Amino acid sequence: MNFLRGVMGGQSAGPQHTEAETIQKLCDRVASSTLLDDRRNAVRALKSLSKKYRLEVGIQAMEHLIHVLQTDRSDSEIIGYSLDTLYNIISNDEEEEVEENSTRQSEDLGSQFTEIFIKQPENVTLLLSLLEEFDFHVRWPGVKLLTSLLKQLGPQVQQIILVSPMGVSRLMDLLADSREVIRNDGVLLLQALTRSNGAIQKIVAFENAFERLLDIITEEGNSDGGIVVEDCLILLQNLLKNNNSNQNFFKEGSYIQRMKPWFHVGDENSGWSAQKVTNLHVMLQLVRVLVSPTNPPGATSSCQKAMFQCGLLQQLCTILMATGVPADILTETINTVSEVIRGYQVNQDYFASVNAPSNPPRPAIVVLLMSMVNERQPFVLRCAVLYCFQCFLYKNQKGQGEIVSTLLPSTIDATGNSVSAGQLLCGGLFSTDSLSNWCAAVALAHALQENATQKEQLLRVQLATSIGNPPVSLLQQCTNILSQGSKIQTRVGLLMLLCTWLSNCPIAVTHFLHNSANVPFLTGQIAENLGEEEQLVQGLCALLLGISIYFNDNSLESYMKEKLKQLIEKRIGKENFIEKLGFISKHELYSRASQKPQPNFPSPEYMIFDHEFTKLVKELEGVITKAIYKSSEEDKKEEEVKKTLEQHDSIVTHYKNMIREQDLQLEELKQQISTLKCQNEQLQTAVTQQVSQIQQHKDQYNLLKVQLGKDNQHQGSYSDGTQVNGVQPEEVGRLREEIEELKSNQELLQSQLAEKDSLIENLKSSQASPGTNEQSSAPASARDSEQIAELKQELATLKSQLNSQSVEISRLQTEKQELLRKTETFAKSAPAPGESEAGTTAKTTDVEGRLSALLQETKELKNEIKALSEERSAIKEQLDASNSTIAILQNEKNKLEMDVTDSKKEQDDLLVLLADQDQKIFSLKNKLKELGHPVEEEDELESGDQDDEEDEDEDDGKDQGPI
């Protein structure tokens, strides 16, 4: 009724009625209406106004809408309207068509309203509890509202959800919702929730997120799916990127194996949809997250191993060699394969064995290098191939040897039917395209990285420059091109190759200095005052000359260390030389290249530095500076120190070998001891058996001896051929011999046993030193036991405090019960109206003394009652005003009663439009009368109107007639 009165009042007031007043009346109606239908209609009207009048609705209605969410949980319809209205207030999605300034203002507005909403964390907790409702009209708006809050003020909302009990678990239930729109919006909500928050990422991962997301991707058709697949992949990226715990959990859960079907590409690769390209691109990025060079090496290698074992690497190589694959997918696949094989020998060996499906088959490395040195190929593709080649050679001395061997004279194919990797690199090194020169030089430098053997092998490479001329070495040809003054990119690439080649390789330095033109060329380049573009070349020339000094073994008399330093001091100056050397690390592109191994450049002119080369510069810049400033005496001392260190190293190596041999001997002796112990036990048992046999033989011998003496007494003599109780004398002699032999065997065995016991004692004494370590650990264990005893004592103290607090709480509860009982007794013993006021005052004073603990609560209740009474009086005034207005509007209400009944469920703001229309009709009739139409025609018109509009009241016709 309040809203209806406001609308009708607006009709009578005309254009003075404003939207702010309408919104205010609607808010009053939400706050004061006792009927749920009235509140629901008012919230629905606020929802319709919230998009157009966002600021006004947000300022006036937000508090009322939050109150509705708290109090009207039983009605899903009004909850849904409230959530939609809050979403319209906070979200900036509807502002896309507005100008830039307006959009910025709306974003500020959204963040301000978000800040107001989350100022009370209970509001976010309330929203989380609403998401447990299964009703679509509650759950879906709640998901959208929470997503909008996270977009506006993500970190603050994340923190509230993190400390909310079961907050993340409630949101994870959205992924299991059978309604796709809620499930899909739940994925978007989790995207915003997990962004840049490692703690929430771990909770979401351990709530079985990987399993659910991979199931959704499979259900939607993997790479052939829609945008839902892309959203799930982005969420997986949020969970895994820069989160080692989740990456390990993903690998241990065997989820890498489930990624293999994503990259199954059929024979017909035509007709790739834009969404499929996007999905596959994000899938490849997800694989790279698991094997990124920035991850811990152990975690990366375990993921690389899993990818090879499950066939994922093989699947990626299939895409790499397939036809009809879009260029950006092919580029990203090359980058992905690069990081899957980087630094892992098994994967690198497999990649070396991959062949392209050509006739005859060519190695995949050769096919990729052909693209790298081809200037007609896209720039990003050439960068990707270079990165792949670098990753293939990273910590792969076997692969480096295979690449260099293709350049050596003995392995070059004389028929020329096949092109090798080395030939392609040389062709790119000396082509007219500066980008090919740079890429080939960097690729060849990676074949020499930290591999002194291949640096020496590459010195054997001979190149035929032209017919009739003798071949020149590869090193000489590089310096020849360098001196010809080619493009800066070409010269930088060649200088990086030469610096990598000569570093840590004195033989290569000797070959370089053997050409008498090289040192004058370098000193001339460094000494000249050239423009800024040439400063980088000057710095690299200074680095190359410094390497020639630092790694010089003084085998060439004309270019010994001291002579080269004197040359620098005379022609360049030490300070000037060091300044030129510093140009390299001060270059703007140096720091960019040093950040990531992948050569990721926006355009070819930015391809100046290689990542591995920046490491070499950082390593050599300081030592070269020291070497330049050292005197000859210091050099001699350093040489002596080096020799001493080498001798020391040889001594240490000798002792290490001795210790290693002694360890082996010790192991052998331990094994011998174990075998000897077994033999000893066997011999002991044999000795025991033999002793028992000897004793038996002795007994038999004594018995025979006694019997023989008896026979001698009876017969007086015996012959050699007679028998004594059936035993021959020869047998008696043989038994004696056996007894003697067994005695000697027993003595021998006892002596062997004594020797072995002494050997065991010696070995035990040699192992006495490890025992001291065990003894030293005893105090540590004693300290641990003391700490455990202290912790147990603290725990007992805390338990006793907890028990005392529990007793105190029980005592307070009993006191509270007694006070409540006394309050009831006082209420029953309250005086009747006829009793004297003096007695009542005495009783009241006595009770107040006993209930002093409840006085504060009583005061608060009185304040609340006072506030409620004021609210009640205000509502009563509004009701009186409403009743006075009802009498005035009764006639008009009767006329519009049927229309109001038909349009009761439409939006309330239509009433304003109907009122305006009636006003216009009324004014038009006045104008017709003013224009001079006869009264009879007007009466006929009125009567015709009355016939057509039988639903209207006669009073209305009577009012219009006289006017």
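Residues numbered from 1 in each chain as written. Predicted model: local features only at pLDDT ≥ 70, side-chain atom pairs only at ≥ 80, totals over all residues. Heavy atoms only, no water.

J.: Please give an account of the overall build of the protein that cites residues and values.
T.: When its secondary structure is counted, the protein shows 43 helices and four strands. The contacts of the protein with a sequence gap of at least 6 include a subset with a gap of at least 24, amounting to 70%. (Helix = DSSP H or I, 4+ residues; strand = E, 2+ residues; numbered from the N terminus. Contact = heavy atoms within 4.5 Å.)

J.: I'd like to hear about the confidence of the model for the protein, residue by residue, with values.
T.: A residue-level look at the protein finds 71% of positions with pLDDT of 70 or above and a mean pLDDT of 81. In the predicted structure, residues 1–17 sits below a pLDDT of 50 and forms 23 contacts with residues beyond four places in sequence or in another chain. Long-range and interchain partners of residues 830–844, a stretch whose pLDDT sits below 50, account for four contacts in this model, where long-range means more than four residues apart. (pLDDT = per-residue confidence, 0-100.)

J.: With reference to specific residues and values, describe the side chain of R183.
T.: Along the polypeptide, R183 turns up in helix α11 (residues 180–194). You can call R183 buried: its relative accessible area is 7%. Dropping the residues within four chain positions of it, R183 is found in contact with L174, L175, D177, I216, E219, E220 and V228. (Buried < 20%, exposed > 50% of the residue type's maximum accessible area, 1.4 Å probe, protein only.)

J.: Please provide a residue-by-residue account of the pattern of salt bridges, values included.
T.: Per the counting criterion, the structure on display carries 22 salt bridges. Where D75 meets R40, a salt bridge forms, and the shortest distance between an N and an O atom there is 3.2 Å. With D75 in the loop between α4 (54–71) and α5 (76–90) and R40 in helix α3 (residues 36–50), this residue pair connects regions lying 35 residues apart in the sequence. Note on D75: relative accessible area 13%, which makes it buried. Overall, R40 belongs to the buried group, its relative accessible area being 13%. When salt bridges that share partners are traced, they join D37, R40, D75 and E77 into one network. (Salt bridge = Lys/Arg side-chain N within 4 Å of Asp/Glu carboxyl O.)

J.: Run through the packing of aromatic side chains, naming residues and quoting values.
T.: All chains considered together, the criterion is met by twelve aromatic pairs. Put simply, the rings of F206, F210, F249, F250 and Y255 touch in pairs and so form one group of aromatic residues. The ring of Y87 carries the charged tip of K144 above its face, separated from the ring centre by 5.1 Å. Here K144 stacks its cationic end above the ring of W140, 4.1 Å away from the centre of that ring. (Phe/Tyr/Trp six-rings, centres within 6.5 Å; stacked < 30°, edge-to-face > 60°. Lys NZ or Arg CZ within 6 Å of the ring centre and 35° of its normal.)

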